[in-house]
2 protein chains.
Amino acid sequence: MKKITLAHGNGGKLMHGLIKDLFVKNLSNPFLNKMGDAALIDVKNKKLTYTTDSFVIKPIFFPGGDIGKLSVCGTVNDLCVSGARPRYLSCGMIVEDGFDYKDLEEITLSIKAACEKSGVDVVAGDFKVVEKGAVDKIFINTSGIGEVFSNAALGMDRVKPGDKVMINGNIGDHALAVLVAREELKFKSKIVSDCAPLNGLISSVICGDIKFMRDPTRGGLATTLNEISLECGCGISVNESDIPVSGSVKVLSEALGMDPLYLANEGKALMIASAKSASKILSRMKKHPLGKKSAIIGEVRDRKDKRVYLRTMIGTTRVLDMLQSDQLPRIC
Amino acid sequence: MKKITLAHGNGGKLMHGLIKDLFVKNLSNPFLNKMGDAALIDVKNKKLTYTTDSFVIKPIFFPGGDIGKLSVCGTVNDLCVSGARPRYLSCGMIVEDGFDYKDLEEITLSIKAACEKSGVDVVAGDFKVVEKGAVDKIFINTSGIGEVFSNAALGMDRVKPGDKVMINGNIGDHALAVLVAREELKFKSKIVSDCAPLNGLISSVICGDIKFMRDPTRGGLATTLNEISLECGCGISVNESDIPVSGSVKVLSEALGMDPLYLANEGKALMIASAKSASKILSRMKKHPLGKKSAIIGEVRDRKDKRVYLRTMIGTTRVLDMLQSDQLPRIC
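What you see is a predicted model, and the numbers here were worked out from it, not measured in a lab. (Residues numbered from 1 in each chain as written. Chains lettered and ligands numbered in written order. Predicted model: local features only at pLDDT ≥ 70, side-chain atom pairs only at ≥ 80, totals over all residues. Heavy atoms only, no water.)

Asker: Is there a simple way to think about the overall build of chain A in this case?
Answerer: Helix and strand content of chain A: eight helices and 14 strands. C-alpha atoms of chain A, sized along the principal axes, occupy 55 × 55 × 50 Å. Counting only residues that meet the buried cut, chain A has 63% of its 332 residues in that class. Restricting to contacts in chain A with at least 6 residues of sequence separation, those with at least 24 account for 84%. Counting every atom, chain A has about 12500 Å² of accessible surface; 52% of that belongs to carbon and sulfur. (Helix = DSSP H or I, 4+ residues; strand = E, 2+ residues; numbered from the N terminus. Buried < 20%, exposed > 50% of the residue type's maximum accessible area, 1.4 Å probe, protein only. Contact = heavy atoms within 4.5 Å. Areas by Shrake-Rupley, 256 points an atom, 1.4 Å probe, with all protein chains shown as cover.)

Take a look at the structure:
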């Protein structure tokens, strides 16, 4: 009998297949079928974005955040990269019988702080307690509604060969901070999750020259690049030497045999911008505290070869595929 | 150290306390503070309702439905009783490693069928897989957006002494159907969950004379009556002989020492309507397939004694309190 496995939830190829063949096929509608970070919906002739995400991270507290902060930032960022100002959140918690009240309070205060930073309100909530062993401590689902920026003009169909690919800073920090916090590894590291709400950064750069944005979470930068390439029907090439990675992440991921390009991020936006405006957008990004290490990392290529290529530090070029099997589970 | 227990999630007194003292206090905003079934939000000057619910029911398949159908109906009904036409849903699934694909498919098809019946689309989704033992099979969170009916005028502040209390049929079926399906009890019963989307029934009766609606799920009819009494500041009295309960539910709940008034329902709406219009609304409710057994079960009393009273079959009157400790966990 066919079983669902961890690999069906890792953001990679198997998950994409399951989502298309089971969910999108059966629940088909014009909004869902676009499979964006958030759905662009139409309510009484107003354009809104709407998204949801469940957070099952282990451990629930990690350097740079906790499941509460993450559950706000994750949904806020999905709204932001869809070109919207986040407005309202819902929050559903499922907690294990015997969970510490103090931890629940700390998580709630993190949610409060992240909401204040993001300019959103939790307006709808649900709280469930299940028996011991029926959930691993606490899972949180958030959904969010955003109002589309009037000066945003995002659309995969606008992406053209020659467009530039940009990111707002170092990759891989979130996944490794979480891994080290699990204490299964006896590493000491100063790596801190990049978990942050991107509404400020994005509202400071949003303009018609930005053609597409996505946050490289599960599956990392490499998987997100592949999604974009698949959806826009163009190849993409990126330069390894231009992709910002901190020294600590380089060292630790090399020691663990992991590739930072496949590690999850929680405060990064990958942007596609027109070639003529990319450097102007880059300089605006660098002025924001969450964009200081922003970089142009590559460009959109032609429509004949729809693959993602990495030009390595040593000058060779290799195909960068989607994540196949898990590097690291439960990081979001 | 203070711990969260199952009683914090049963819909009763402890849960109400926790939600007020921890969540509403810390995440305070005008929309959340109203603590309605759905938040009434304002987006670009349009009135919308927004709600969320997590579904952790055990077993996931039961007579009359499954976790998929329930997760659509639960959120659709929260939007309906808030006086809105349900439009868009989000759906976040958390699945255990090793879960049967066939079951996931069946649940997805139930979601599809329930969406079609409710006139909603799932426009945003999320799918997570966690290790074996980290979740009990599958949990589903849905959130939903509804458009407020132009002819609805719901408001707890409109509830006045003399108003009639109505319900659209038998209570207790959902909770007992689920209990029997657990197979821990060696009962045989023909009780089927009342799980159903209420959009059709409610849109057929909605008018300015309906002052308030709520669906009596966790905590049952008694708890919902207490919530209403607390929030509107009036007493309420209901007549046991007028409350519709099926013969099977009466027999089984008596055998188990359970009170149907505290059992969860998933296809019921409790309505408060003005005295002069109640019988007209009742006859309209009875014309709908989900309202055939509708009844006026009691009335709103004065503002001095803010308690809920039950006039029993044998003619005595007793205070009907909120659910305190659990009768039955994980029924929604």
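Asker: What exactly am I supposed to notice about the relation of the copies chain B and chain A here?
Answerer: The operation relating the two chain copies consists of a rotation about an axis and a shift along that axis. For the match of chain B to chain A, the screw axis carries a shift of 0.0 Å, the RMSD comes to 0.0 Å, and the turn is 180°. Both copies of the chain, as the preceding transformation shows, are related through a two-fold rotation axis. For chain B, the minimum C-alpha distance to the rotation axis belongs to V135 of chain B and amounts to 2.2 Å. The overlap is high: 100% of the interface residues of chain B also sit at the interface in chain A, so the same surface is used on both sides. (Least-squares fit on C-alpha atoms with pLDDT ≥ 70 in both.)

Asker: Sorry if this is basic, but what is going on with the packing of aromatic side chains here?
Answerer: The way to describe two aromatic rings as a pair is by their centre distance and the angle between their planes. Counted under the stated rule, the structure contains five aromatic pairs over all chains. A ring pair is formed by F31 of chain A and Y88 of chain B, whose centres lie 5.3 Å apart and whose planes are at 85°; its orientation type is edge-to-face. Taken together, the positions of F31 of chain A in the loop between helix 1 (13-26) and strand 1 (39-43) and Y88 of chain B in strand 5 (residues 84-96) put the pair across two chains. The partly exposed category is assigned to F31 of chain A, whose relative accessible area is 23%. Over the aromatic face of Y101 of chain A sits the side chain of K2 of chain B, whose NZ or CZ is 4.0 Å from the ring centroid. Positioned over the ring face of F55 of chain A is K128 of chain B, at 6.0 Å from the centre of the ring. (Phe/Tyr/Trp six-rings, centres within 6.5 Å; stacked < 30°, edge-to-face > 60°. Lys NZ or Arg CZ within 6 Å of the ring centre and 35° of its normal.)

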